[in-house]
Amino acid sequence: MKVQFNSDREFDIIAIGRACIDLNAVEYNRPMEETMTFKKYVGGSPANIAIGASKLGLKAGFIGKLANDQHGRFIEQYMRGVGVDTSNMVVDTEGHKTGLAFTEIKSPEECSILMYRDEVADLYLQPSEVEESYIKKGKVLLVSGTALAKSPSREAVLKAIHFAKKNDVKVVFELDYRGYTWASPEETSVYYSLVAEQSDVVVGTRDEFDVMENVAEGSNSETINHLFKYSPELVVIKHGVEGSYAYTKSGATYRGKAYLTKVLKTFGAGDSYASAFLYALISGKDIETALKFGSASAAIVVSKHSSSEAMPTVSEIEQLIAVRSEKAEQTV
Ligand SMILES: Nc1ncnc2c1ncn2[C@@H]1O[C@H](COP(=O)(O)OP(=O)(O)O)[C@@H](O)[C@H]1O
Ligand SMILES: O=C(O)C[C@@H](O)[C@H](O)C(=O)COP(=O)(O)O
């Protein structure tokens, strides 16, 4: 089964939310207290997805707010350099800072992220800085859940969704839950539900859907029964290395298996998965193929040091899928 997108749009995907900095431990397999060197990359889930999509050949754009400092300029230059349209990335004038994510790689399975996100520029995006004329050029508006955590970014995103729906742009909601950004679980649940119910496609981990529902151990069937009463036509629920499921409103279920790989770190899986899954859908491939693209891209990125720079090309993904389909036992 395929998802239909408008064909007459300049941009395949326009992402809205944070573009930040990842500082990934260079000496890994140890706690961060013992890490002396960090390598700088562009980060932030929606920025990673836009970069991944652009590297796959999609025309990607970005709406967000950058700090007026060296980090902000680095982010803009890097994203432009990989082909992302940065014309709607605005520069903060009030002294807000770039969000930083320090990553700890204790072992391939035990990774964590220490975020510095007080007064970050991305959460100060104003509704007046979101242009309808830009959003209507897209096939897809990709919304990151973290951008809903605080005003005025929250209202800016809600306005972007309004423009998208008005102009027949598909809304893809990546739940992208980062707990420390939110005031309370109840608040997260309210805004996640509001946006998920208005979206065409919702993507998240099982844990993130639990946050949306404000439940301890929810079930995929309850999640889809609820969401399919509203706008979503496709819901993707990820279960880490156990793989993922795609559910359609028409009643189909597809399972995506993870590809085993030599894991360096686990972060970056979700963003690489999202960019390749969306690339495949927007390129007219069916949902089963899109799940393979997402899983293969994630397998490539978890075996590398970064989330953004490690985003693969289409031929790398196709090669991995081809090799593994000859050795079917190498999926889990
Ligand atoms: N250790 C791993 N090895 C290979 N693939 C992985 C691994 N962890 C996750 N993946 C792939 O990445 C996808 C998304 O991972 P998941 O952990 O569910 O998302 P997130 O990174 O958003 O928490 C999974 O469905 C799977 O295909
Ligand atoms: O999203 C962030 O702010 C941090 C990311 O840049 C970082 O690379 C990361 O955590 C990605 O992990 P994912 O969400 O599992 O893809």
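Not measured: the values here are computed from a predicted model.

Analysis parameters
- Residues numbered from 1 in each chain as written.
- Chains lettered and ligands numbered in written order.
- Predicted model: local features only at pLDDT ≥ 70, side-chain atom pairs only at ≥ 80, totals over all residues.
- Heavy atoms only, no water.
- Phe/Tyr/Trp six-rings, centres within 6.5 Å; stacked < 30°, edge-to-face > 60°.
- Helix = DSSP H or I, 4+ residues; strand = E, 2+ residues; numbered from the N terminus.
- Buried < 20%, exposed > 50% of the residue type's maximum accessible area, 1.4 Å probe, protein only.
- UniProt positions renumbered as here; feature names shortened; annotations may be inferred.
- Pairing = 2+ DSSP bridges.
- Axes fitted to C-alpha atoms, helices over the stretch in contact; angles between N-to-C directions.
- Contact = heavy atoms within 4.5 Å.
- Near = heavy atom within 4 Å.
- Polar contact = N/O pair within 3.5 Å; in protein donor to acceptor, adjacent residues only side chain to side chain.
- Nonpolar A, V, L, I, M, F, W, Y, C, P; charged D, E, K, R; others polar.
- Areas by Shrake-Rupley, 256 points an atom, 1.4 Å probe, with all protein chains shown as cover.
- Salt bridge = Lys/Arg side-chain N within 4 Å of Asp/Glu carboxyl O.
- Core = buried A, V, L, I, M, F, W, Y, C linked by side-chain atoms within 4.5 Å.

S.K.: So what exactly am I meant to see when it comes to the packing of aromatic side chains here?
M.R.: The geometry of an aromatic ring pair comes down to the distance between the two centres and the angle between the two planes. Considering all chains together, one arrives at 10 aromatic pairs under this definition. Between tyrosine 273 and phenylalanine 277 the ring centres are 6.0 Å apart and the planes differ by 5 degrees, which places this aromatic pair in the stacked class. One end of the pair is tyrosine 273 and the other is phenylalanine 277, both in helix α8 (residues 269–282) and four residues apart, which spans about a single turn. Accessibility expressed as a relative area gives 6% for tyrosine 273, which makes it buried. Exposure remark for phenylalanine 277: the relative accessible area of 1% places this residue in the buried category.

S.K.: What exactly am I supposed to notice about the UniProt feature "domain: Carbohydrate kinase PfkB" (unreviewed entry) in the protein here?
M.R.: The residues that UniProt annotates with the feature "domain: Carbohydrate kinase PfkB" (unreviewed entry) are residues 12–313. Span residues 12–313 is 33% helix and 23% strand, its end C-alpha atoms 17 Å apart.

S.K.: Mind showing me how you'd approach the sheet that holds strand β5 (residues 89–91) here?
M.R.: Whenever strands of a sheet pair, they do so through backbone hydrogen bonds, lying parallel or antiparallel. Reading across the sheet, the nine strands line up as β5-β4-β1-β8-β9-β10-β11-β12-β13 and stay open at both edges, with mixed pairing between neighbours. Either end of the sheet is taken by a strand with one partner, and the two such strands are β5 and β13 (253–256). Within the sheet, the average angular offset between the axes of one strand and its neighbour, ignoring direction, is 15 degrees. As paired elements, strand β10 (residues 201–205) and strand β11 (residues 234–238) share five bridges and run parallel to each other. Looking at β11, one finds that threonine 205 is bridged to lysine 238. Helix α7 (residues 220–227) contacts β10, β11 and β12 (244–248) of the sheet and is inclined by roughly 155 degrees relative to β11. Contacting β1 (11–16), β8 (138–144), β9 (170–174), β11 and β12, α8 crosses the sheet at an angle of about 150 degrees to β11.

S.K.: Got a minute to help me understand the site of ligand 2 in this structure?
M.R.: Every one of the 15 residues lining ligand 2 counts as a neighbour, but Arg18, Asp22, Gly44, Ile113 and Ser307 are closest to it. The separation between an oxygen atom of ligand 2 and a polar main-chain atom of glycine 270 is 3.2 Å. Aspartate 271 places a main-chain nitrogen or oxygen 2.8 Å from an oxygen atom of ligand 2. For the shell around ligand 2, the elements supplying multiple residues, two or more each, are α1 (45–55), β7 (111–116) and α8. The leading source of residues in the shell around ligand 2 is α8, at three residues. Partitioning the shell around ligand 2 into residue classes produces four nonpolar, seven polar and four charged.

S.K.: Any chance you could explain the site of ligand 1 here in plain terms?
M.R.: Not every one of the 16 residues close to ligand 1 is listed here, only the nearest: Lys238, Gly240, Tyr259, Gly270 and Ala298. Within the side chain of lysine 238, a nitrogen or oxygen atom sits 3.0 Å from an oxygen atom of ligand 1. Across the complex, the protein chains shield 82% of the 550 Å² of accessible surface that ligand 1 would expose by itself. Taken together, the residues of the shell around ligand 1 sort by class into eight nonpolar, seven polar and one charged.

S.K.: How should I be thinking about the pairing of β13 in this particular structure?
M.R.: The alternating pattern of β13 places Tyr254 and Gly256 on a buried face, while none of Thr253 and Arg255, on the opposite face, is buried. Where β12 and β13 come together, four bridges link them in antiparallel fashion. The residue of β13 that forms the bridge with tyrosine 247 is threonine 253. The hairpin turn running from β12 into β13, its antiparallel successor, is four residues long, and glycine 251 in that turn takes a positive phi close to 105 degrees.

S.K.: Honestly, the pattern of salt bridges in this entry has me stumped. Any pointers?
M.R.: Side chains that carry opposite charge are capable of pairing whenever their charged atoms lie near each other. Using the criterion set out here, one finds 14 salt bridges in the structure. Aspartate 122 is the salt-bridge partner of arginine 117, the closest N and O atoms lying 2.7 Å from each other. On the basis of relative accessible area, aspartate 122 is assigned to the buried category, the value being 7%. Note that aspartate 176 and arginine 178 form a salt bridge whose closest N and O atoms lie 3.3 Å from each other. Overall, aspartate 176 belongs to the buried group, its relative accessible area being 3%. Residues joined by salt bridges that share partners form a network here, namely Arg18, Asp176 and Arg178.

S.K.: Explain the nonpolar core here, please?
M.R.: Grouped burial of nonpolar side chains is what soluble globular proteins tend to show. Ranked by size, the top nonpolar core spans 57 residues in total, and within it Ile13, Phe62, Met79, Leu234 and Phe277 carry the most contacts. Residues contacting phenylalanine 277, with those up to four places away along its chain left out, are Leu234, Val236, Ile287, Ala290, Leu291 and Gly294.

S.K.: Looking at this structure, I do not really get unusual backbone geometry. What am I missing?
M.R.: For residues that are not glycine, phi is negative in most cases, and the peptide bond is trans in most cases. Geometrically, the link from serine 151 to proline 152 is a cis peptide bond, its omega value of 5 degrees lying close to zero. With respect to the helices and strands, the residue proline 152 is situated in the loop between β8 and α4 (153–166). One non-glycine residue with positive phi stands out, namely aspartate 168, at about 60 degrees. The exposed category is assigned to aspartate 168, whose relative accessible area is 53%. You will see that aspartate 176, though not glycine, has its phi angle at about 40 degrees, which is positive. By secondary structure assignment, the location of aspartate 176 is in the loop between β9 and α5 (185–198).

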